[in-house]
Amino acid sequence: TARAPNFSLFGYARPTTPKLAARTDIFAFSDVTSCGTSTEVSVPCMFSRQGRAAYDEAAIRGSEGVLNVLARAGYEVRWLDNQSGCKGVCAGVESLRPDPAALPALCDGERCLDEALLESSRALLRDPQGNLVLVLHQLGNHGPAYFRRYPEAFRRFTPTCDDEDLSKCTREQVVNSYDNALSYTDHVLARGIDLLKELEPRYDAALLYVSDHGESLGENGLYLHGLPYSIAPAEQTRVPMLMWLSSGFAARNRVDAACLRGQAARPASHDNLFHTVLGLLDVRTAVRDDALDLTAPCRS
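These figures come from a predicted structure and were not determined experimentally. (Residues numbered from 1 in each chain as written. Predicted model: local features only at pLDDT ≥ 70, side-chain atom pairs only at ≥ 80, totals over all residues. Heavy atoms only, no water.)

Visitor: Mind laying out helix H6 (residues 171-198), listing which residues take part and the relevant values?
Guide: Taking 1.5 Å per residue, 28 residues should reach 40 Å; H6 reaches 41 Å between its end C-alpha atoms and fits that length. Of all 28 residues in H6, 22 are buried, a share of seventy percent or more. (Helix = DSSP H or I, 4+ residues; strand = E, 2+ residues; numbered from the N terminus. Expected span 1.5 Å × (residues − 1). Buried < 20%, exposed > 50% of the residue type's maximum accessible area, 1.4 Å probe, protein only.)

Visitor: Tell me what's going on with the state of the cysteines, and back it up with residues and numbers.
Guide: Throughout the structure, instances matching the rule amount to 5 disulfides. Bridging Cys 86 to Cys 90, the disulfide has an S-S length of 2.1 Å. Between Cys 86 and Cys 90, the S-S torsion sits near -75°, and that sign places the bridge as left-handed. For the pair Cys 86 and Cys 90, a shared accessibility class is recorded, and that class is buried. In this model Cys 161 forms its disulfide with Cys 169; the gap between the sulfur atoms is 2.1 Å. With the S-S dihedral at roughly 70°, the linkage between Cys 161 and Cys 169 falls on the right-handed side. With relative accessibility at 16%, the residue Cys 169 sits in the buried group. For the chain, the bonded cysteines pair up as 1-2, 3-4, 5-6, 7-8, 9-10 when numbered in the order they occur along the sequence. (Disulfide = S-S within 2.5 Å.)

Visitor: I'd love a proper account of the sheet that holds strand S5 (residues 206-210), names of residues and values included.
Guide: Pairing in this open sheet of 4 strands is mixed, and the strands run S5-S8-S1-S9 from one edge to the other. Here the strands that pair on one side only, and so sit at the sheet edges, are S5 and strand S9 (268-269). Set on the sheet, helix H10 (residues 273-280) makes contact with S5, strand S8 (238-245) and S9; between it and S8 the angle comes to about 0°. (Pairing = 2+ DSSP bridges. Contact = heavy atoms within 4.5 Å. Axes fitted to C-alpha atoms, helices over the stretch in contact; angles between N-to-C directions.)

Visitor: Can you explain the packing of aromatic side chains? Please cite residues and give values.
Guide: Counting across every chain of the model gives 4 aromatic pairs. Between Phe 7 and Phe 10, the aromatic rings sit 5.7 Å apart at their centres with planes inclined by 15°, giving stacked as the arrangement. Given the relative accessible area of 1%, Phe 7 is considered buried. Relative to Trp 79, the ring of Phe 47 has its centre 5.7 Å away and its plane inclined at 55°; by these criteria the two rings are tilted. Taken together, the positions of Phe 47 in the loop between helix H2 (39-46) and helix H3 (57-61) and Trp 79 in strand S2 (residues 76-81) put the pair 32 residues apart, joining distant regions of the chain. We note that Phe 47, like Trp 79, is buried. Above the ring of Tyr 55, the side-chain terminus of Arg 52 is found at 4.8 Å from the ring centroid. (Phe/Tyr/Trp six-rings, centres within 6.5 Å; stacked < 30°, edge-to-face > 60°. Lys NZ or Arg CZ within 6 Å of the ring centre and 35° of its normal.)

Visitor: Can you tell me about the packing of helix H5 (residues 115-125) against H6, naming the residues and giving the values?
Guide: Running from N to C, H5 and H6 cross one another at 15°; their axes reach a closest spacing of 10 Å. The angle between the axes of H5 and H6 places the two elements in the roughly parallel class. For H5 against H6, the interelement crossing comes out right-handed. On H6, the residues touching Glu 115, Leu 118, Glu 119, Arg 122 and Leu 125 of H5 are Tyr 184, His 187, Val 188, Arg 191, Gly 192, Leu 195, Leu 196 and Glu 198. A per-class count over the contact of H5 with H6 returns 6 nonpolar, 2 polar and 5 charged. (Parallel < 35°, antiparallel > 145°, perpendicular 65-115°, else oblique. Left-handed = near helix turned anticlockwise from the far one by under 90°. Nonpolar A, V, L, I, M, F, W, Y, C, P; charged D, E, K, R; others polar.)

The structure is reproduced here in structure tokens:
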């Protein structure tokens with residue numbers, strides 16, 4: 001539930017993404033639109049080949065998504081969830097959740113912070129056998145309890161809205177809490193990249209991050225998300241997308257970094273995800289469309 005307009009990486013005035021902004025090795029896609037305005041719609045759609053352009057819910061839910069294609073191609077695929085489940089996307093692949101008992105510093109009785117996904121990933125990433133695709137489904141900025149999505153150390157913008165009933169807070173308080181949660185996502189993503197960099201001597205690695213939908217924060221009196229797509233404001237459909245490639249991964253796949261930075265400035269959408277993942281992982285199949293692969297023009 002991260003919206004692109006509040007990423008300082010894309011020009012937002014507040015420093016909500018300082019750790020990502022300090023990196024010179026990421027590709028930030030600044031004009032990305034979602035397939036839906038809710039997790040229930042966007043997650044199945046973004047992992048499908050139908051996408052928004054040919055949106056058909058029955059076809060999306062009745063056909064294999066990109067994770068199934070990857071598993072068929074021989075990849076080990078794991079779905080690690082800190083949210084409300086995979087909405088059918090992980091059917092046929094192993095699905096896991098962080099263990100609160102093993103991570104007491106990151107979990108309480110009701111929820112785990114998203115860093116629990118990284119800690120839970122460590123054992124999987126140490127597996128020396130085969131090729132692994134790991135999906136981390138964040139709790140992220142899911143409202144209305146934005147104040148529960150970050151630890152106290154990330155309570156940087158104040159005063160905050162510390163109530164799940166947003167009507168009890170001012171718009172300033174709601175935005176402050178939302179931005180604090182985004183700042184925590186910045187921290188989690190930067191830590192995720194650092195974790196993969198630790199493995200560079202042994203593995204070629206890549207990270208792709210994209211939000212499932214955006215969020216209204218009081219614009220035109222609207223809050224949260226889930227409006228019908230045809231009338232949804234841009235705040236609910238403009239989402240951030242980032243990519244990081246290890247030097248070994250970029251070299252093995254012959255990815256031109258300067259070209260990819262140019263690609264990142266062009267419009268993109270959830271429709272690109274299915275084909276970009278298959279392209280990056282060199283999975284050759286009739287359902288892959290190189291015209292929708294964001295990296296295809298940059299791979300020699």
